[in-house]
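Coordinate analysis (summary)
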Amino acid sequence: MSTTPSPLPTATPAASPVSLPAVEPDAATLARAAERAAREALAPPAPHRLADVVPAPRQVQPDPTGDWTLPAEAVIVASADPAALAVAEQLAELLRPATGYPLPVTDAAAPAPADGIALVLDQTAAALGPEGYRLDITTTGVRVTAGTATGLFHGVQTLRQLLPAAIESPVPVTERWTLPGGTITDAPRFPYRGVMLDVARHFFAVEDVLRVVDHLARYKINHLHLHLTDDQGWRIAVDSWPALSAVGGATEVGGGPGGHYTKADYRRIVSYAADRHVTVVPEIDLPGHTNAALVAYPELAPDKVAPPPYTGTEVGFSYVDPTDERTYDFVSDVLREVAALTPGPWLHIGGDEAFKVKGEVYTGFVERVQRIVADLGKTVVGWHQLAPAGHVDGRVLQWWGTGDGADQVTADAVRRGARLIVSPGNRAYLDMKYAPDTPIGLDWAGLVDVRTAYDWDPGAHVADVPDTAVLGVEAPLWTETVTSLAEIEFMLLPRLPAIAELGWSPRATHDWSGFRDRLAGHGPRWATAGIAFHRAPEIPWPVAPTIPGQRPATP
Ligand code: TNX
C-alpha cells in the first residue's frame, strides 16, 4: 500500500496567471479570481484512499464514484441527542480553523447528509458494539452512524484522517477538501486501549495532560492511566492527608520544583478526557514507590523516621509499613478520595518493585488493598506482581514483562479469574529509546523502534493466556528522562499509533509494510498541527514539513 504524498498547504499558491477582465475590476472580484486560480493551481484532487486510516478499520469498501468535496456552505446535522450534538460540535471545531467555513451544527429527528455531514445515533446500529461506527461517503455527503456517541466520536476521528493533511492547520488554507467515496464499518478488537503517563517522576501541567488526551483520541485510545505517585513526588491532593501533596509533591527527578494537581485540576483532566471518550485510570502505587509519602508522613515508614526527599531514578527501596494499622487508614482514605473524584470503574494500586515487602507479607497487604478497592465499588488494577495474591472480582493485572511471555504465576492468576492488560517492556514501553542515539529515554528493556512496537500480538503474547482473557493493551510512558510536552510527544509519536492499531484493529489487518505506509501520511498532519514527533528512519515520511513558525519536530 502506498500513500500519495500530500503537498503541504501554502496560503497563496497563485501559480497560474490570473486573466484580468477588460474593465478595472473591484477588489472583491480580483480576490475571487485569485482564489479560483489558486484552487486550480493546487494538486489535482487526490483524496486519501479510504483504507489510509490508523488504526486500520475492520472493513473498508471503496467506491471511486463516490468522492465528495466539502462545500463552504456545508451544515453538520446530528440526531437530537445532547451527546450526539456534542460530537457534531467537536467535528465542527476540528474543521473550522483550516477550512474557514462556518459549518453550523443543527439537529434533526432523522439526519441526512444533504451535501453536508450527518451524525446519526441509531439504536439499530447497536450491532457495531459500544464503540463501533459506520462511515458512508457518497456524492451527496457523509453519514456517520453509531449506536453510541462514542462510536460517532471514533467515526469523526476516521473522517478527519480522510481529509487532506492541511485540515490540521490552525489557520485557513486554500485546499480542496475532498473525501474518498465508500463505506467503512469499524469496531475495536479489545475494549481497553491505554496510554500511561508518569506525572510523578516529572510533573506536567494540566494543559500538557489535556494535549496528550487529544493525541489519544485521534487514535481511538480510550484510557489514560495516570501514574500519580512515586518516590519522587505525590501529585494528587488528598484532603485527609494534606501533606502528601503539599510536602510530597514539592520534588521531582533532577531536583526541579515538582507540583501536584488540586482536586479541581484532576476533575478538569477527567472531564476533558470524558468529553473525548477517554476514561482516566488513577494509580496510587503501593506498597513500594512511596518515598514521597514517607517524607510527608514518617508515621507510615517502617522505622517511623522521615527519609530524605528522593530525586534520583533508582527503584525498590521505599515502602509503607504493612504491619501498622495506620497504613491501612492511609490507604483507605487516599483510595476513597481518589475514587470519589473518578467516574471511571478502575483504581490502579501499583504493586510493582516492592522489593522489601516479600512473600506472605506482600500478598497479605495486596489482598487487603484489593478488598478496600472492591468495597469502594471500583475494579482493581495492578502491575502483574499482584498475581500471587488471592483473586477479587474483576481483578485486572497489567503485565510488563520483557521476555518471551512465559509467566506461569500470571497465567495461574488468569486461571483464577484475572484479566490482563498487556504492556510488554520490550514492545510497549514508550520510555525506551528508539535507537542507541535517541537523546532521551532508557534502554533497560531494549530499544523499541516503530517496528518493534508494532510487530507483536497482544492477544497471544503471554503464554497460556487466551486472548479472551486479554482486556487490552497499554503503552506506558515513564518520565525519568522526559521533562516537557515536546519530549512527551517525541516519545509517543510515531509509536503510539502502532500500539493503538494493535488494540483496535483485527489481527487480519496486521501488516508492517502497509502500516508503515499509512503511518507516513501522519507526519505532515503532526507537523501542520505543530506536534513534535520522532522522524523515525523506518517510516517513508512524504515531505519535510516546513511550515513557518512551527515548533521543531525533535526536542
Ligand atoms: C519499571 S514498569 C518501573 C518503573 C520505572 C520503569 C522505567 C514498572 C511497573 N515499574 O518504576 O519507571 O521501569 O522504565
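Cut-offs applied
- Residues numbered from 1 in each chain as written.
- Predicted model: local features only at pLDDT ≥ 70, side-chain atom pairs only at ≥ 80, totals over all residues.
- Heavy atoms only, no water.
- Buried < 20%, exposed > 50% of the residue type's maximum accessible area, 1.4 Å probe, protein only.
- Helix = DSSP H or I, 4+ residues; strand = E, 2+ residues; numbered from the N terminus.
- Contact = heavy atoms within 4.5 Å.
- Phe/Tyr/Trp six-rings, centres within 6.5 Å; stacked < 30°, edge-to-face > 60°.
- Lys NZ or Arg CZ within 6 Å of the ring centre and 35° of its normal.
- Salt bridge = Lys/Arg side-chain N within 4 Å of Asp/Glu carboxyl O.
- Pairing = 2+ DSSP bridges.
- Axes fitted to C-alpha atoms, helices over the stretch in contact; angles between N-to-C directions.
- 1 Å grid on protein atoms, 1.4 Å probe; cavity = no way out; pocket = protein on both sides within 12 Å on 5 of 7 lines; lining within 4 Å.
- Points joined across faces, edges and corners; volume = space filled by probe spheres on them.
- Nonpolar A, V, L, I, M, F, W, Y, C, P; charged D, E, K, R; others polar.
- Core = buried A, V, L, I, M, F, W, Y, C linked by side-chain atoms within 4.5 Å.

Once that is clear, we can look at helix 13 (residues 485-492). Among the eight residues that make up helix 13, eight are buried, leaving the element largely enclosed by the rest of the structure. Check the buried side of helix 13 and you find it contacts strand 10 (192-198), helix 4 (206-218), strand 19 (470-477) and helix 14 (495-504).

Turning to the packing of aromatic side chains, a few remarks are in order. Per the stated rule, a full pass over the model turns up 20 aromatic pairs. Consider the rings of W400 and W444, whose centres lie 6.1 Å apart with planes at 85°: the pair is edge-to-face. On the criterion of sequence distance, the pair formed by W400 in the loop between strand 17 (396-399) and helix 10 (408-415) and W444 in the loop between helix 11 (425-428) and helix 12 (450-454) is long-range, its members being 44 residues apart. Considering the side-chain rings of W512 and F515, the 6.3 Å spacing of their centres and the 40° angle between planes classify their relative orientation as tilted. Of this pair, W512 and F515 are both found in helix 15 (residues 512-520), three residues apart, which corresponds to roughly one turn of the helix. Of the two residues examined, W512 and F515, each falls in the buried class. In this structure, R368 packs its charged tip against the face of Y328, placed 3.7 Å from the ring centre. A cation over an aromatic ring shows up here: R495 above the ring of Y434, its NZ or CZ 3.8 Å from the ring centre.

Moving on to the pattern of salt bridges. Summed over the entire model, instances satisfying the criterion amount to 25 salt bridges. One salt bridge in this structure joins R201 and D230, with 3.4 Å as the shortest N-O distance. A residue pair is termed long-range when its members are at least 10 positions apart, and R201 in the loop between strand 10 and helix 4 and D230 in strand 12 (residues 229-230) qualify at 29 residues. Classification of R201 as buried rests on a relative accessible area of 2%. Between E489 and R211 there is a salt bridge, with the nearest N and O atoms lying 2.7 Å from each other. Taken together, the residues span a long stretch of sequence, with E489 in helix 13 and R211 in helix 4 at a distance of 278 residues. A network of salt bridges, in which partner residues are shared, links D198, R201, D230 and E480.

As summarised here, the arrangement of the eight strands in space is 10-11-14-15-16-17-18-19, forming a closed barrel in which the pairing is parallel. Within the sheet, the average angular offset between the axes of one strand and its neighbour, ignoring direction, is 30°. Here five bridges tie strand 10 to strand 11 (residues 223-227), and the two strands are oriented parallel to one another. The residue bridging V195 from the neighbouring strand is L224, located in strand 11. The strands that helix 6 (residues 263-275) touches are strand 11 and strand 14 (279-286); relative to strand 14, the one it contacts most, it runs at about 140°. Together, strand 14 and strand 15 (346-350) form the strand contacts of helix 8 (residues 325-341), whose direction differs from that of strand 14 by roughly 170°.

Structurally, the position occupied by L135 is in strand 6 (residues 133-138). Classification of L135 as buried rests on a relative accessible area of 0%. Through-space distance from the C-alpha of L135 to that of L119 is 9.4 Å; in sequence the pair is 16 residues apart.

A few words on the layout of surface pockets. Volume-wise, the largest pocket comes out at about 670 Å³. For the largest pocket, the lining is made up of 26 residues, of which L94, R160, D214, Y272 and R276 are closest to its centre. For the lining of the largest pocket, the secondary structure elements donating two or more residues are helix 2 (82-99), helix 3 (149-162), helix 4 and helix 6. The element that contributes the greatest number of residues to the lining of the largest pocket is helix 2, accounting for seven residues. When grouped by side-chain class, the residues that make up the lining of the largest pocket number 13 nonpolar, five polar and eight charged.

Here the focus is the nonpolar core. The biggest cluster of nonpolar side chains holds 119 residues, and the ones touching the most others in it are L224, L226, W234, Y261 and F330. With eight residues, the single largest contributor to this core is helix 8. Not counting the four nearest positions on each side in its chain, L226 is found in contact with L197, V199, V209, Y266, I269, V280, V281, P282 and E283. In this structure, A98, L121, A149 and A166 belong to the second largest nonpolar core, which totals 40 residues.

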